[in-house]
Amino acid sequence: MSVYDPIAKQYQESRHPNTAFALYIEEPTYFNMLGDITGKSILDLGCGEGIYARNFKKKGAGRVVAVDISEGMLTLAKEQEAKEPLGIEYILSDMQELGQVGSFDVVTAAYSLNHAQTKEQLLAMCRTIYDNLKPECRFVAINNNLDRAPESLIYINNNLDRPPESYRFLEEYGYEESISGSKEEGKPLPSLIYQLEDKTVVIEDYYLSKATYEWAFLEAGFKEIRWHEQTLLEAGIREFGEEFWQDYVKYPNMVGIECWK
Ligand SMILES: C[S@@+](CC[C@H](N)C(=O)[O-])C[C@H]1O[C@@H](n2cnc3c(N)ncnc32)[C@H](O)[C@@H]1O
């Protein structure tokens, strides 16, 4: 059973409705990197309940294949595909063992590489990415910023209808003991925290340094790696004010990654 199976529904709810973070930072950062995806074939690794796979299709992508290790997440993805058929092909698999399922214009991953616990697992993921890309094509990802300071682990589920004061540092919710100690390769980090009504959901991912990521991409065969800072849209500043965003700006909790085959 995958760690996401028991919390699949809660995770899905945390992605809907869109949060201020998703609208004004996450999506702009991701789609700025992706550029025009019209007609492009995309393999989305660690697709979860399919939020981006659907988004890609709605933005005009061609063939979209989406892979996840969690049956629970894929059940939700398929339910949505049944309700609103977009032609997305879903595959239940560990991306480390996927093998080649096609030759894609773009391979994507949103917050899934950060589930690699060791550099060997990360390398296996990177090899899958590489093997499924057409020559000269790109891997584009958003990932948790594992190099952030522990105090920057922020509460990200600030729905639009929540007041700005609900946007807080993690420690204000009393989780600081779980992030004590220094960052070590493979050490768990509780990086995703969701407050869903009366329930708090914590999903751990694992610290692997930027140097380890770069090693894995190069080892898999990628020629060039670019890290991207998150983009904050002006519209978000207009809507919520600068103060609301100051912690996101000071402690970016995601990074963009682009790799060329
Ligand atoms: C933080 S969620 C992100 C889901 C989705 N990309 C999104 O943006 O909502 C991470 C997802 O990666 C999946 N995942 C983690 N390790 C995986 C692996 N080795 N192979 C395939 N999927 C994996 C999890 O099951 C989970 O659905």
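See the structure printed just above.
As the structure is a computational prediction, the values presented were derived from the model and not from experiment. (Residues numbered from 1 in each chain as written. Predicted model: local features only at pLDDT ≥ 70, side-chain atom pairs only at ≥ 80, totals over all residues. Heavy atoms only, no water.)

**Quick look at unusual backbone geometry**
Comment: phi is negative for the bulk of residues other than glycine, and the bulk of peptide bonds are trans.
(1) Moving on: The residue Tyr111 is not glycine, and still its phi comes out positive at about 55°.
(2) Moving on: Mapped onto the elements, Tyr111 comes out in the loop between β4 (104–110) and α5 (119–131).
(3) Moving on: By relative accessible area, which is 8% here, Tyr111 ends up buried. (Helix = DSSP H or I, 4+ residues; strand = E, 2+ residues; numbered from the N terminus. Buried < 20%, exposed > 50% of the residue type's maximum accessible area, 1.4 Å probe, protein only.)

**A few points about the nonpolar core**
(1) Moving on: Within the largest apolar cluster, 32 residues are counted, with the highest numbers of intra-cluster contacts made by Tyr30, Leu34, Tyr52, Phe56, Tyr90, Ile142 and Trp245.
(2) Moving on: For this core, the elements supplying multiple residues, two or more each, are α2 (20–34), α3 (51–58), β2 (64–68), α4 (71–83), β4, β5 (133–144) and α8 (242–250).
(3) Moving on: Of all the elements, α2 adds the most residues to this core, at 8 residues.
(4) Moving on: In contact with Tyr90, not counting residues within four places along its chain, are Cys47, Gly50, Ala53, Arg54, Ala66, Leu74, Ala77, Lys78 and Glu81. (Core = buried A, V, L, I, M, F, W, Y, C linked by side-chain atoms within 4.5 Å. Contact = heavy atoms within 4.5 Å.)

**Observations regarding the side chain of Thr108**
(1) Moving on: In this structure, Thr108 sits in strand β4.
(2) Moving on: The buried category is assigned to Thr108, whose relative accessible area is 0%.
(3) Moving on: Within the structure, Thr108 has its side chain in polar contact with the side chain of Asp44 (distance 2.9 Å). (Polar contact = N/O pair within 3.5 Å; in protein donor to acceptor, adjacent residues only side chain to side chain.)

**A closer look at the sheet that holds strand β9 (residues 254–260)**
(1) Moving on: Read from one edge of the open sheet, 7 strands run β3-β2-β1-β4-β5-β9-β8, paired in mixed fashion. The sheet is open, and its two edges are formed by β3 (89–92) and β8 (224–228), each paired on a single side. Averaged over neighbouring strand pairs, the angle between their axes works out to 15° when direction is ignored.
(2) Moving on: Direction of pairing for strand β1 (residues 42–45) relative to β2: parallel, over a ladder of 4 bridges. Opposite Leu45, over in β2, you have Val67 as the bridge partner.
(3) Moving on: Contacting β1, β4, β5, β8 and β9, α2 runs over the sheet at an angle of about 165° to β5. (Pairing = 2+ DSSP bridges. Axes fitted to C-alpha atoms, helices over the stretch in contact; angles between N-to-C directions.)

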